[in-house]
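In case you want the letters, here they are:
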Amino acid sequence: DARILARMKTLIGFVLSAALTGIVQAEEKLTANTLTLAAGQKSAPARIEDMAWYAGQWCGSGLGGTNEEIWSTPRAGVMMGMYRLVKDGKPVFYELLTMLEEKGSLVIRLKHFHPDLKGWEERDESEEFAFVARRGGRIYFDGMTFEPSGPDAVTVYLAIEHKDGKVTEESFRYTRQCSAAGS
């Protein structure tokens with residue numbers, strides 16, 4: 001009994017010490033379906049093969065229009081992607097994306113473009129989504145969540161920060177079946 005009590009005290013002391021020094025950190029909920037890394041938290045281990053299922057053409061709804069994403073198969077630790085939003089028969093904007101292995105984990109980087117291909121971000125800047133965790137059938141990146149529902153359907157949740165600092169969530173419901181006509 002004395003040994004068990006001593007071990008429990010040691011374990012409790014370690015956990016408290018780790019929590020106070022920041023060793024134990026947990027991600028934080030950003031929106032209803034997205035997470036963000038806690039300050040100083042590192043991305044969980046992951047490999048590009050963990051996202052290989054996402055290679056292909058995905059179409060669906062979101063942001064009040066028709067969305068399309070096309071992703072390459074993994075090669076050299078990287079997948080490349082293209083996104084476009086079409087509303088009322090006209091392109092609204094495009095994205096060029098990469099998903100790559102970095103420091104033992106994954107990161108998604110993207111750049112936005114107007115229909116005339118003028119960039120939104122500064123020349124050397126991009127949006128970045130670090131891998132957070134994989135649990136309960138969901139794959140969490142910092143502010144973006146993938147929730148597959150079978151081999152040919154996925155919902156992507158995206159946390160969008162507005163100019164006033166408010167964060168809202170948008171969902172994109174995709175399937176692999178894309179019509180040739182488009183919208």
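Since we're looking at a predicted model, the values are computed, not measured.

Peer 1: What am I meant to see in the state of the cysteines here?
Peer 2: Every disulfide links exactly two cysteines, by a covalent bond between their sulfur atoms. Scanning the entire structure with this criterion turns up one disulfide. The partner cysteine of Cys-59 in its disulfide is Cys-178, sulfur to sulfur 2.0 Å. Where Cys-59 bonds to Cys-178 through sulfur, the torsion about that S-S bond is close to 115 degrees, and the disulfide is right-handed. Of this pair, Cys-59 sits in strand β3 (residues 56-62) while Cys-178 sits in the segment after β12 (167-175), placing them 119 residues apart in sequence. Of the residues examined, Cys-59 reaches a relative accessible area of 15% and is grouped as buried.

Peer 1: Looking at this structure, how should I read the packing of aromatic side chains?
Peer 2: Each aromatic ring pair is specified by the distance between its two centres and by the angle formed by the two planes. A complete count under the given rule lists 10 aromatic pairs for this structure. Here Trp-53 and Trp-58 contribute two aromatic rings whose centre-to-centre distance is 6.3 Å and whose plane-to-plane angle is 80 degrees, an arrangement assigned as edge-to-face. Exposure remark for Trp-53: the relative accessible area of 23% places this residue in the partly exposed category. Classification of Trp-58 by relative accessible area gives buried; the value is 0%.

Peer 1: Even after reading the chapter, I still don't get a negative patch on the surface, so can you show me in this structure?
Peer 2: Together, Glu-122, Asp-124, Glu-125 and Glu-127 give the surface a local cluster of negative charge. Checked against the element boundaries, Glu-125 lands in the loop between β7 (105-113) and β8 (127-135).

Peer 1: I tried to follow the pattern of salt bridges on my own but got confused; where do I start?
Peer 2: A side chain of one charge can pair with a side chain of the opposite charge when the charged atoms of the two come close. According to the stated counting rule, one finds nine salt bridges in the structure shown. Between Arg-47 and Glu-49 there is a salt bridge, and its shortest N-O distance comes to 3.3 Å. For the salt bridge of Glu-68 with Arg-84, the shortest nitrogen-to-oxygen distance reads 2.6 Å. Pair noted here: Glu-68 is in strand β4 (residues 65-71) and Arg-84 is in strand β5 (residues 78-87), with a separation of 16 residues, a long-range link.

Thresholds, definitions, all that
- Residues numbered from 1 in each chain as written.
- Predicted model: local features only at pLDDT ≥ 70, side-chain atom pairs only at ≥ 80, totals over all residues.
- Heavy atoms only, no water.
- Disulfide = S-S within 2.5 Å.
- Helix = DSSP H or I, 4+ residues; strand = E, 2+ residues; numbered from the N terminus.
- Buried < 20%, exposed > 50% of the residue type's maximum accessible area, 1.4 Å probe, protein only.
- Phe/Tyr/Trp six-rings, centres within 6.5 Å; stacked < 30°, edge-to-face > 60°.
- Patch = residues over 30% accessible without salt bridge, like charges linked within 9 Å, V, L, I, M, F, W, Y side chains within 5 Å.
- Areas by Shrake-Rupley, 256 points an atom, 1.4 Å probe, with all protein chains shown as cover.
- Salt bridge = Lys/Arg side-chain N within 4 Å of Asp/Glu carboxyl O.
- Lys, Arg positive; Asp, Glu negative; His and termini not counted.
- Charge placed at Lys NZ, Arg CZ, Asp CG, Glu CD.

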